[in-house]
Amino acid sequence: MEFNKLGNSGLSVSKIAYGNWINHGGKVDENTAINCVKAALDVGITTFDTADVYSDTKAEEILGRSLQGIRRASIELCTKVCHPTGNGPNDRGLSRKHILENCHASLRRLQTDYIDVYYAHRFDPTTPLEETMLAFADLVRQGKVLYIGVSEWTSEQITRGAALARQLNIPLIASQPQYSMLWRVIETDVIPTCQREGLGQVVWSPLAQGVLTGKYLPQQPVPAQSRANSPAGKPFFNKLAQRWMTDNVLTAIQHLKPIAQELDLSLAQLSVAWVLQNTNVSSAIIGASSPEQVRENTVAASVKLEPEIMKQIDNVLEGLVEFDPSKTG
Ligand SMILES: NC(=O)c1ccc[n+]([C@@H]2O[C@H](COP(=O)([O-])OP(=O)(O)OC[C@H]3O[C@@H](n4cnc5c(N)ncnc54)[C@H](OP(=O)(O)O)[C@@H]3O)[C@@H](O)[C@H]2O)c1
């Protein structure tokens, strides 16, 4: 495994992080979840990403159980707050009440004394940002949270958050946006802002939820065990990924396969490696429904793609990539 400093901070994160959205407490049984975490640790992943809201809070519990016995200082445990965890009006958002209560609940579920990076999962327009940042600052001073991050905040929201973090003297060091060959909306605004403010990118869905593995073929039924084959009532396959299940996108993705083969890589490895070529990306969070996927995708950490390869990829995907910065959030 290779490591990067997260933004301008002193915190090292593994270039590949393991995330448990949809899979833990959802798509896969607990035994498989535990084996995926074991595989992640075996390949040298130290950065683990979850959220209060994943699988109705079960994902944090499973990750906590999976990491029992692991030396706490050898991993970075990251979670988030904002999306609803209950039906009450204070069971959501970035109020002081919800942030503090939710942090304590996450610590219990994760069976840990502190969170390495605590993310605001989204921006909360209903709460004064000053209140939000002060709540985070109190958690930092109490030692319950080491660093702060934001997820899917716009460039303007990051600028405001960073100014308050500076005033409060707390380390706001990470932005967690969606980023992949197909979804590049952070490139124009969010990345330059984060560079200026010292935040690193920890990017999610580098495989566009599996679409960039090339396993979904145009005009063919989706593979039975895949995320896109969500059972009724369990929308595992997020609407953001559905947009790519069109003939023209799936056909173009098949045209990426020879580029990967030429480099002796799978398309999944090429796709994860692609996000890591951007030097603003500190870590790519991969999801996995099996330990084999963890092992396969982690190879990407050490892959260097030459400019000529990056150009070939751009050519294949021309006209299919989303760049619009207003799609952030
Ligand atoms: N901050 C946010 O708002 C936010 C939002 C979403 C995610 N996240 C974080 O990012 C993490 C990763 O997101 P993601 O799971 O969508 O990432 P992803 O890496 O784009 O997709 C992972 C899924 O792709 C499939 N896959 C992975 N490797 C494969 C391979 N080698 N061959 C075939 N299929 C493969 C698996 O699904 P199947 O096998 O089931 O098809 C796997 O669960 C999450 O766990 C979470 O921690 C954050």
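Further up the page is the structure itself.
Remember, it's a predicted structure, so these values are computed and weren't measured experimentally.

S.K.: Got a minute to help me understand the site of the ligand in this structure?
M.R.: Taken together, 34 residues are adjacent to the ligand, and Lys27, Asp49, Ser205, Lys215 and Ser289 come closest. In this structure, an oxygen atom belonging to the ligand sits 2.6 Å away from a side-chain N or O atom of Lys215. In the model, a nitrogen atom of the ligand is placed 2.8 Å from a nitrogen or oxygen of the Asn297 side chain. Across the complex, the protein chains shield 96% of the 920 Å² of accessible surface that the ligand would expose by itself. Secondary-structure elements contributing two or more residues to the shell around the ligand are strand 10 (281-286) and helix 10 (291-298). If one sorts the elements of the shell around the ligand by residue count, helix 10 sits on top with 3 residues. Of the residues belonging to the shell around the ligand, the class tally is 11 nonpolar, 16 polar and 7 charged.

S.K.: Got a minute to help me understand helix 1 (residues 30-42) in this structure?
M.R.: Owing to its 3.6 residues per turn, the α-helix brings residues three or four apart onto one side. When the terminal C-alpha atoms of helix 1 are compared, their 18 Å separation across 13 residues agrees well with the 18 Å that a helix rising 1.5 Å per residue should span. Phi turns positive one or two residues past the end of helix 1, at Gly44, with a value near 100°.

S.K.: Where do I start with the packing of aromatic side chains in this structure?
M.R.: Aromatic ring pairs are defined here through the distance separating the ring centres and the angle between the ring planes. All chains considered together, the criterion is met by 7 aromatic pairs. Aromatic side chains Tyr118 and Phe136 sit 5.8 Å apart centroid to centroid with 90° between the ring planes, which places their arrangement in the edge-to-face category. Within this pair, whereas Tyr118 is found in strand 6 (residues 115-120), its partner Phe136 is found in helix 4 (residues 129-141), the two being separated by 18 residues in sequence. When sorted by exposure, Tyr118 lands in the same class as Phe136, which is buried. With 6.3 Å between their ring centres and 80° between their planes, Trp183 and Trp244 make a pair best called edge-to-face. Note that Trp183 is positioned in the loop between strand 8 (172-175) and helix 6 (190-197) and Trp244 in the loop between helix 7 (239-242) and helix 8 (247-262), a separation of 61 residues in sequence. Relative accessible area serves as the criterion here: at 4%, Trp183 is assigned to the buried category. A residue is classified by how much of its surface remains accessible, and Trp244, at 4% relative accessible area, is buried. Ring-pair connections join several aromatic residues into one group, and the members of that group are Trp21, Tyr54 and Trp204. A cation sits over an aromatic face here: Arg72 above Tyr114, 3.9 Å from the ring centre.

Rules of the game
Residues numbered from 1 in each chain as written. Predicted model: local features only at pLDDT ≥ 70, side-chain atom pairs only at ≥ 80, totals over all residues. Heavy atoms only, no water. Near = heavy atom within 4 Å. Polar contact = N/O pair within 3.5 Å; in protein donor to acceptor, adjacent residues only side chain to side chain. Areas by Shrake-Rupley, 256 points an atom, 1.4 Å probe, with all protein chains shown as cover. Helix = DSSP H or I, 4+ residues; strand = E, 2+ residues; numbered from the N terminus. Nonpolar A, V, L, I, M, F, W, Y, C, P; charged D, E, K, R; others polar. Expected span 1.5 Å × (residues − 1). Phe/Tyr/Trp six-rings, centres within 6.5 Å; stacked < 30°, edge-to-face > 60°. Buried < 20%, exposed > 50% of the residue type's maximum accessible area, 1.4 Å probe, protein only. Lys NZ or Arg CZ within 6 Å of the ring centre and 35° of its normal.

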